[in-house]
Amino acid sequence: MTTGETNPRAAHVVVLGTGGTISGRAHAAGDNVGYTAGEVDVSELIDGLEVGGVLLSAEQVANIDSKDMDFGVWQALAQRCAHWLARDEVTGVVVTHGTDTLEETAFFLHEVLPASKPIVVTCAMRPASALVPDGPQNIRDAVALAATPGAQGVSVVCAGTVHGAPDVQKVHTYRLDAFSSGDMGPIGHMEEGRLRQARNWPAASAGRAQGAMKNIASAVSWPRVEIVTSHAGAGATLVDLLVREREAGAADAVQGLVVAATGNGTVHASLEQALLRAQGAGIRVVRATRCAFGHVIPGGRHALADAGALNPVKARIALMLSIMQG
């Protein structure tokens, strides 16, 4: 595929900050793990940044450790992305984010926002105070990508690799190149501010309802969807407790369950029976594989729906949004 280049005369990119390691500080420059996330404002992260003449704006949506990401931040972030993307003069949006839940936020945005303009989520594995931080280059790459003609949908840039939101997954705890796109492979690579593209941009979500953002904007509470794991010796106790909680009329009772299944969506017999009881009680149940590669390949007639290529955390988001849409 052809290589995309930025158009500095027209590009205006808005950088939305949510916190994470990329905005973290440690007491010593050589400390890359003992830092506090969400210490540096996004305006400071882009201060002095020049990317081919691209006009930059910044807005702080949140400043948290992404392990603490919640629905309130997602709601605000989606609304601010929608606001800026609707402006004719804005070419694209960059979101600075922590790595821990980045794949979840990227997929959420992919599910609820139109794909007509680019939203690029970026991050860092070292804090801003590091002796050699990786955040500045990641932001530079993200801005260049967001300004690339033809860019669209939600993507992730880390260590020069461009991933699509539906495929990206954090696969390493420490390395700078901490993400993978699994079997699908990355969209491409950033090289000196230019995209070398290997495959198409993320397609718009087939199941996205026209009123998705309206549902998000008006949501006071979000459906409770939990993840349970199938493993050796898995039992029914936890799922049965959740069913009893629902039957007792608890206000925050579970509405959906995702099972992180083994292999090709297989579930321990004891847990499977409990999940079937939960489904019978009105709880939506979906199987997703806990494998890092591959997807659940349908075969035979299974009483529990599968999530296809989605991993458990993304399947949870998809199910949650499906419940919200009714």
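Everything below is about the structure shown above.
Cut-offs and rules
- Residues numbered from 1 in each chain as written.
- Predicted model: local features only at pLDDT ≥ 70, side-chain atom pairs only at ≥ 80, totals over all residues.
- Heavy atoms only, no water.
- Pairing = 2+ DSSP bridges.
- Helix = DSSP H or I, 4+ residues; strand = E, 2+ residues; numbered from the N terminus.
- Contact = heavy atoms within 4.5 Å.
- Axes fitted to C-alpha atoms, helices over the stretch in contact; angles between N-to-C directions.
- Buried < 20%, exposed > 50% of the residue type's maximum accessible area, 1.4 Å probe, protein only.
- Right-handed = clockwise from strand over helix to strand, strands pointing away.
- Disulfide = S-S within 2.5 Å.
- Phe/Tyr/Trp six-rings, centres within 6.5 Å; stacked < 30°, edge-to-face > 60°.

(A) Focus on the sheet that holds strand E14 (residues 284–289). The parallel open sheet is built from four strands, whose spatial order is E12-E13-E14-E15. Every interior strand has two partners, whereas the edge strands, strand E12 (225–229) and strand E15 (305–306), have only one. Looking at chain direction, E14 and E15 are connected through two bridges and run parallel. Looking at E15, one finds that Arg 287 is bridged to Asp 306. Packed on one face of the sheet, helix H7 (residues 269–280) meets E12, strand E13 (256–261) and E14 and runs near 160 degrees to E13.

(B) Structural context of helix H3 (residues 102–112). With 11 of 11 residues buried, H3 is to be regarded as a mostly interior element. Here H3 has its buried residues at Leu 102, Glu 103, Glu 104, Thr 105, Ala 106, Phe 107, Phe 108, Leu 109, His 110, Glu 111 and Val 112.

(C) Region of the structure containing the pairing of E14. Burial analysis of E14 places five of its six residues in the buried class, which makes it a mostly covered element. Direction of pairing for E13 relative to E14: parallel, over a ladder of six bridges. If you follow Leu 257 over to E14, its bridge partner there is Val 285. As a crossover connection, the stretch from E13 through H7 into E14 is right-handed.

(D) Up close: the state of the cysteines. For the structure on display, the rule yields zero disulfides. Here Cys 123 stays unpaired: no disulfide links it, and the sulfur of Cys 158, its closest cysteine neighbor, is 3.8 Å away. Of the residues examined, Cys 123 reaches a relative accessible area of 0% and is grouped as buried.

(E) Region of the structure containing the packing of aromatic side chains. Tallied over the entire structure, the rule returns four aromatic pairs. Look at Phe 71 and Trp 74: their rings are 6.0 Å apart centre to centre, the planes differ by 45 degrees, and that puts the pair in the tilted class. With a gap of three residues between them, Phe 71 and Trp 74 both fall in helix H2 (residues 71–85), about one helical turn apart. The class for Phe 71 is partly exposed, based on a relative accessible area of 23%. For the pair Phe 71 and Trp 222, a centre-to-centre distance of 4.8 Å together with 0 degrees between the ring planes defines the contact as stacked. Taken together, the residues Phe 71 in helix H2 and Trp 222 in the loop between helix H5 (212–218) and E12 connect sequence positions 151 residues apart. Judged by relative accessible area, which is 12%, Trp 222 ranks as buried. The structure contains a cluster of three or more aromatic residues connected by ring pairs, namely Phe 71, Trp 74, Phe 108 and Trp 222.

(F) Inspection of the pairing of strand E11 (residues 194–197) at higher detail. The alternating pattern of E11 places Leu 195 and Gln 197 on a buried face, while none of Arg 194 and Arg 196, on the opposite face, is buried. When strand E10 (residues 188–191) meets E11, the two strands line up antiparallel, connected through four bridges. Bridge pairing in E11 links His 189 to Arg 196. The turn joining E10 and E11, which pair antiparallel and follow one another in sequence, is formed by two residues; a positive phi near 55 degrees is taken by Glu 192.

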